[in-house]
Amino acid sequence: QQQVKQSPQSLIVQKGGIPIINCAYENTAFDYFPWYQQFPGKGPALLIAIRPDVSEKKEGRFTISFNKSAKQFSLHIMDSQPGDSATYFCAASKDNDYKLSFGAGTTVTVRA
Amino acid sequence: DSGVTQTPKHLITATGQRVTLRCSPRSGDLSVYWYQQSLDQGLQFLIQYYNGEERAKGNILERFSAQQFPDLHSELNLSSLELGDSALYFCASSRGRAQETQYFGPGTRLLVL
């Protein structure tokens, strides 16, 4: 079963809007939460990652918010651009674990 | 370009056949990971090798096997193929420690007819 639940499955926003993707997990042993971005025909690429000791991390227009008590984390894309149209995957892993458990993915479309 | 190469890009075969997918990691990377991406299962971790040794195993079927060679390239062997094995197969590589960035290749799209 999916260890990381991701929603929504897809979303469409206008240019400049803020798409928000949510992920939830049950395993409290998870302590590393990366987000990957995948363009059509390409492999996933690391976008940004967070650990539970911080509640928010920003890299450019991408922000991760982390709520440890709720076991949830989310990705916000500020001032979204058509070039941000891609599928986004959240993931999680445990300390000293090489395995990444991925969410089901969210396809984001940013309309010009 | 991640620096990870995978061949072939596309593969079409019939049920019951066997295929080999090949992956060359980024220069300097010792770990290789294999993932399967399908519409209904998403991205599933299959197996990981570090410097020639199997280190972690995920949802890999017994019909599937992998190895990493001394030059660090890896091969994923899929045998007795079924229609449900049709998917994108990704290889990723990293330096070798847990929880570090994994760099994904472009994938091999397998279609089993």
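Notes on the structure in this doc start here. Nothing here was measured: the structure is a model prediction, and the numbers come from that model.

Some details on the overall build of chain B
Helix and strand counts for chain B stand at 0 helices and 11 strands. The helix and strand sequence of chain B, counted from the amino end, reads β-β-β-β-β-β-β-β-β-β-β. For chain B, whose C-alpha radius of gyration is 13 Å, the value lies close to the compact-globule estimate of 13 Å for 113 residues. The principal-axis extent of the C-alpha atoms belonging to chain B is close to 35 × 30 × 25 Å. Here chain B holds 113 residues, and the buried ones make up 52% of them. Sequence separation of 24 or more characterises 54% of the internal contacts of chain B that already satisfy a separation of 6 or more. Of the roughly 5500 Å² that chain B leaves accessible, carbon and sulfur atoms contribute 47%.

Topic: the interface of chain A and chain B
Across the boundary between the two partners, chain A contributes 20 residues, which contact 19 residues of chain B. Between chain A and chain B, a total of about 1600 Å² is buried, with carbon and sulfur atoms accounting for 56% of that surface. Contact with chain B buries area across many residues of chain A, yet Pro 44, Tyr 98 and Phe 102 of chain A alone supply 39% of it, more than any other trio. Joining chain A to chain B, the criterion identifies 0 salt bridges. At the junction of chain A with chain B, the criterion picks out 9 residue pairs in polar contact (both at pLDDT 80 or more). Elements with a minimum of two residues in the side of chain A that touches chain B: β4 (30-38) and β9 (86-94) of chain A. Ranked by the residues each element gives to the side of chain A that touches chain B, the list is headed by β4 of chain A, at 4 residues.

Describing the sheet that holds strand β8 (residues 72-77) of chain A
Two pairing modes exist for strands in a sheet, parallel and antiparallel, and in both the strands are linked by backbone hydrogen bonds. Residue and element names in this part refer to chain A. Taken together, the 5 strands give an open sheet; going across it, the order is β1-β3-β8-β7-β6, and neighbouring strands pair in antiparallel fashion. Because the sheet does not close on itself, it has two edges, and the strands there are β1 (4-7) and β6 (56-59). Each adjacent strand pair in this sheet contributes to an overall mean axis angle of 15°, direction not counted. Where β1 and strand β3 (residues 20-25) come together, 4 bridges link them in antiparallel fashion. Paired with Lys 5 across the strands is Ala 24, a residue of β3.

As for the nonpolar core
In terms of nonpolar packing, the biggest core is built from 24 residues, with Phe 33, Trp 35, Phe 73, Leu 75 and Tyr 88 of chain A touching the most fellow members. Ranked by the residues each element gives to this core, the list is headed by β9 of chain A, at 4 residues. Core analysis: the second largest hydrophobic core is formed by 20 residues, Val 4, Ile 47, Phe 64 and Cys 91 of chain B among them.

Observations concerning a nonpolar patch on the surface
A contiguous nonpolar surface patch, about 240 Å² in accessible area, is contributed by Ile 18, Ile 20 and Met 78 of chain A. By the secondary structure assignment, Met 78 of chain A is in the loop between β8 and β9.

Things to note about the pattern of salt bridges
Inspection of the entire model under this criterion finds 7 salt bridges over all chains. Close ionic contact of Glu 59 of chain A with Lys 57 of chain A constitutes a salt bridge, the shortest N to O distance being 4.0 Å. The exposure class assigned to Glu 59 of chain A is partly exposed, which follows from its relative accessible area of 39%. Residue Arg 61 of chain A pairs with Asp 84 of chain A through a salt bridge whose shortest N-O separation is 2.7 Å. With Arg 61 of chain A in the loop between β6 and β7 (62-67) and Asp 84 of chain A in the loop between β8 and β9, this residue pair connects regions lying 23 residues apart in the sequence. Residue classification places Arg 61 of chain A among the partly exposed positions, given a relative accessible area of 28%. Shared partners join several salt bridges into a network, and the residues in it are Arg 26, Asp 29 and Arg 95 of chain B.

Observations regarding empty space enclosed by the protein
Applying the stated criterion to the full structure yields 1 cavity of 30 Å³ or more. Around the largest cavity, the lining residues are Tyr 32, Asp 97, Tyr 98 and Leu 100 of chain A together with Tyr 33, Arg 97, Ala 98, Gln 99, Glu 100 and Gln 102 of chain B. Along the lines of polarity and charge, the residues of the lining of the largest cavity split into 5 nonpolar, 2 polar and 3 charged.

Here's the deal with the pairing of strand β3 (residues 19-24) of chain B
Residues and elements named next belong to chain B. Burial along β3 is one-sided: Val 19, Leu 21 and Cys 23 are buried, while Thr 20, Arg 22 and Ser 24, pointing the other way, are not. Inspection of the sheet shows strand β1 (residues 5-7) paired to β3 by 3 bridges, in the antiparallel sense. Within the sheet, the bridge partner assigned to Gln 6 lies in β3 and is Cys 23. Bridge analysis of β3 against strand β8 (residues 74-78) gives 5 bridges, and the strand direction is antiparallel. Looking across to β8, one finds that Val 19 is bridged to Leu 78.

So, how was this worked out
Residues numbered from 1 in each chain as written. Chains lettered and ligands numbered in written order. Predicted model: local features only at pLDDT ≥ 70, side-chain atom pairs only at ≥ 80, totals over all residues. Heavy atoms only, no water. Helix = DSSP H or I, 4+ residues; strand = E, 2+ residues; numbered from the N terminus. Rg over C-alpha atoms; globule rule 2.2 N^0.38 Å. Buried < 20%, exposed > 50% of the residue type's maximum accessible area, 1.4 Å probe, protein only. Contact = heavy atoms within 4.5 Å. Areas by Shrake-Rupley, 256 points an atom, 1.4 Å probe, with all protein chains shown as cover. Buried area = accessible area lost by both parts, 1.4 Å probe. Salt bridge = Lys/Arg side-chain N within 4 Å of Asp/Glu carboxyl O. Polar contact = N/O pair within 3.5 Å; in protein donor to acceptor, adjacent residues only side chain to side chain. Pairing = 2+ DSSP bridges. Axes fitted to C-alpha atoms, helices over the stretch in contact; angles between N-to-C directions. Core = buried A, V, L, I, M, F, W, Y, C linked by side-chain atoms within 4.5 Å. Patch = residues over 30% accessible without salt bridge, like charges linked within 9 Å, V, L, I, M, F, W, Y side chains within 5 Å. 1 Å grid on protein atoms, 1.4 Å probe; cavity = no way out; pocket = protein on both sides within 12 Å on 5 of 7 lines; lining within 4 Å. Points joined across faces, edges and corners; volume = space filled by probe spheres on them. Nonpolar A, V, L, I, M, F, W, Y, C, P; charged D, E, K, R; others polar.

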